[in-house]
Amino acid sequence: MNDMTPTSAERAEKLEGMGCKRKRVEDVRFTQGKGNYVDDLKLPGMLYGDLVRSPHAHARVKKIDTTKAAALPGVVAVLTAEVLKTVNLAWMPTLAGDVQMVLADGKVLFQNQEVAFVVAESREAAADAVELVEVEYEALPVNVDPLKAMADGAPMIREDLKDKTDGAHGKRKHYNHIFSWAAGDKAATDAAFAKADVTIREFIVYPRVHPCPLETCQCVASFDKIRGELTLWGTFQAPHVIRTVGSLISKIPEHKIHVIAPDIGGGFGNKVGAYPGYICSIVASIVTGRPVKWVEDRIENLSTTAFARDFHMDMEIAATKDGKVTAMRCYTIADHGAFDSCANATKWPAGLFSIISGSYDFPAAYCMVDGVYTNKAPGGVAYRCSFRVTEAAYCIERAMDIMAQKLGMDPAEFRIKNLIRREQFPYTSAFGWQYDSGDYHTAMNKAMESVDYKKLRTEQKTKREAFKRGETREVMGIGVAFFTEIVGAGPSRACDILGIAMFDSAEIRIHPTGSGICRLGTKSQGQGHETTYAQIIATELGLPADNIMIEEGNTDTAPYGLGTYGSRSTPVSGAATAMACRKIKAKAQMIAAYMLEVHDDDLEWDVDRFRVRGNPERFKTMTELAWAAYHEVPPGMEPGLEAINYYDPPNFTFPFGAYICVVDVDVDTGQTKVRRFYALDDCGTRINPMIIEGQIHGGLTEAFGIAMGQEIHYDDDGNVTTASLMDYFLPTAVETPHWETDWTTTPSPHHPIGAKGVGESPNVGGVPCFSNAVNDAFAFLGSTHIQMPHDHWRTWTAAEKLGLHG
């Protein structure tokens, strides 16, 4: 071989494929202010929509007078439920099998619910007209406490369901009851508790929080009356689902609906479902014959669009006296607000909450969830997690700390004793999930060694003694969390939305010159898809990542897919991408064999080329084969080099991680200082380490916000008291701690490239780690569990209850 000929390693490096810290190609436009967002869209004759919203959390709508608003110069139309009824659009189906008012129909059920939709020539005119719509309300009793929702005499939230004894998921046991869902073996679990040496029981609340993306929800609807076609631009995490739902609601044939999701400024689950603003914009465009833009403001986003969490969990663990867990059980009340519009797969009304056994080898387990209606905004989305996995992880990780405290064991050592062992994989949990792969003990031991865990505990002991002597007013906490997430929804046998299986797709077309385009059914909201999908293709096909264009978000060009949420892009669409590449590579191998006059089996793949076995000087590069595919294919073969794959995963994937947090809490002010946060993640094959690190930083920052201050709070009258960023904690660079990231690599055995997904893991593991750290700080003073969020006031209050203020 010529000394100047690049080696395989040099050629691989030039491709910038999997494992390369390739810079995000998206950032070229974003950092120069050249992103293309919904609100950047300006169409000829475009109108602007704004919503009249209810000041009441529960009231009858006695009268709506739109006269003054309609008379305002610039106002084109004012829609109410009565107008929507004429086109059968007053109510819309939800992804959870419920129905939801588009505009208030006889009642309002939560504060800021949509009552009327004003359409005007300008945003200013629409906003002015909103103030002129006169609505007469008759206030009704309010309930925002899910624990009281099924009490005798509780206010009836959904009068439209009062005579329905069956819901979408079985029998209803109260007029405010939505569903009951259970998993596990109750009899075996109860038997294990009956003979347990030690048990703990704690009521653990994961409060209502909100994804709060930088860009709020918005859309532009344009109906072409001549062609009978609707084009809808919007902040959609799942454009194809929006198209299908839009067709079902509007009765417009699906082939005449064009949905386009341009650049999106963050989603985190908030932009999965359909909102009344979308439907109203569509109707307004049909009525007026002009495009209509709707953009919500921050208060509207926080108080009315899809919330997350609001799980109230009665958690128990049983163990032997030497610290081996024997069973767990959990009863949960899930607050779904006024409508059940959770974005869960159809057969999982409580999401994937039965991952609650976590990373531990529980012989028996059982959980049951009751969903209820309250006078709160609907939602229940997977805020940077996979369908209620964060709630489950928080619950089990807090409970493991509480059990360790009762046993007098170190929380890390207690976990190590109960972690699933490497030789047990693939591991079937007590709930029936088959964990694909894991090496938990290696990860946990690496984390403890990296932070010098024993030294930290020694320091903590010294500081606790100093606190007891009155020498300091700070207490030190060490939080430990070991989580397993279940992502990659999903296998069609287990997952669908509205009856559509949760597969995903990739369509790849290689051009004659060796560049190409890949279109996918997912939709990036900042994850870096344009960068990482190209890296998968670069490795699989031996073409430089810079020569691959990635396109998402246009239902006219992208193959049908279920979108991006629940860390499903890499596990599902990434797999589809790899499989489509392999179809292309198989065809390219036949072309190479024809050109080199050998049998297909005489060729072997080498980074970016097929070469003859035993004679590596004879080869054809993928770039050469791309050209040949358009003019020199074997007889009988179709020209071209392209493929499509719809990937239905055989199983979920199960990324995991070991996190350790060190905090110092001032008991007199309640201020918590995060001294150190170490996060070890195992996401299987690592496609782009730099993007992984960025995802972890982002997820941990959101976890920090949730654990240390976020809550969508309601007073007893149903008023939202945290509906702006003055009151809802969103961490800035000032508050955000420094993150230390690390990894182990345990590939998924069933995924084509071994990848598991990582975008949501840091939020899943970060929240319990922060909470465990704060709780650990007070544990030596007799405290068992302090509820989130751990803001200054609540932490000060916890210290006050422990008698630390004299």
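A short tour of the structure in this document, coming up. (Residues numbered from 1 in each chain as written. Predicted model: local features only at pLDDT ≥ 70, side-chain atom pairs only at ≥ 80, totals over all residues. Heavy atoms only, no water.)

**Some remarks on the state of the cysteines**
Applying the stated criterion to the full structure yields 0 disulfides. There is no disulfide at Cys342, and the cysteine sulfur nearest it, in Cys385, is 11 Å away. A relative accessible area of 1% places Cys342 in the buried class. Looking at the unpaired Cys769, the closest cysteine sulfur is the one in Cys661, lying at 5.1 Å. (Disulfide = S-S within 2.5 Å. Buried < 20%, exposed > 50% of the residue type's maximum accessible area, 1.4 Å probe, protein only.)

**Details of empty space enclosed by the protein**
Applying the stated criterion across every chain yields a total of 6 cavities of 30 Å³ or more. Of the pockets and cavities examined, the largest cavity occupies roughly 220 Å³. Lining the largest cavity are 22 residues, with Gln100, Gly273, Ala274, Tyr275 and Ser341 positioned closest to its centre. Among the secondary structure elements, those contributing two or more residues to the lining of the largest cavity are strand 4 (91-93) and helix 7 (239-250). The residue makeup of the lining of the largest cavity, split by class, is 15 nonpolar, 6 polar and 1 charged. (1 Å grid on protein atoms, 1.4 Å probe; cavity = no way out; pocket = protein on both sides within 12 Å on 5 of 7 lines; lining within 4 Å. Points joined across faces, edges and corners; volume = space filled by probe spheres on them. Helix = DSSP H or I, 4+ residues; strand = E, 2+ residues; numbered from the N terminus. Nonpolar A, V, L, I, M, F, W, Y, C, P; charged D, E, K, R; others polar.)

**Details of the layout of surface pockets**
As a volume, the second largest pocket reaches approximately 810 Å³. In this structure, the second largest pocket is lined by 33 residues; those nearest its centre are Val205, Glu711, His713, Gln787 and Arg794. Going through the elements one at a time, strand 12 (198-209), strand 17 (308-319) and helix 19 (792-801) are the ones with two or more residues in the lining of the second largest pocket. In terms of residue class, the lining of the second largest pocket is made up of 16 nonpolar, 7 polar and 10 charged.

**Topic: the environment of Lys620**
Mapping Lys620 onto the fold places it in strand 30 (residues 615-621). Along the backbone, Lys620 and Thr570 are 50 residues apart, and their C-alpha atoms lie at a distance of 30 Å. Setting aside residues no more than four positions away along its own chain, Lys620 makes contact with Ala592, Met595, Leu596, Arg609, Phe610 and Leu625. (Contact = heavy atoms within 4.5 Å.)

**Comments concerning the pairing of strand 32 (residues 656-666)**
Most of strand 32 is tucked away: 10 of the 11 residues are buried. In terms of strand pairing, strand 22 (residues 474-484) meets strand 32 through 11 bridges, oriented antiparallel. Bridge pairing links Ile478 to Val662 in strand 32. Taken together, the 10 bridges between strand 32 and strand 33 (residues 672-682) define a ladder with antiparallel strand orientation. (Pairing = 2+ DSSP bridges.)

**Structural notes on the sheet that holds strand 30**
Taken in spatial order, the 3 strands make up an open sheet running 28-29-30, and their pairing is antiparallel. Pairing within the sheet leaves two strands with one partner each, and these edge strands are strand 28 (603-606) and strand 30. Each neighbouring strand pair of the sheet contributes to a mean axis angle of 35°, computed without reference to strand direction. Summarising the sheet, strand 28 and strand 29 (residues 609-612) pair through 4 bridges and their orientation is antiparallel. Note that in strand 29 the partner of Leu603 across the bridge is Val612. (Axes fitted to C-alpha atoms, helices over the stretch in contact; angles between N-to-C directions.)

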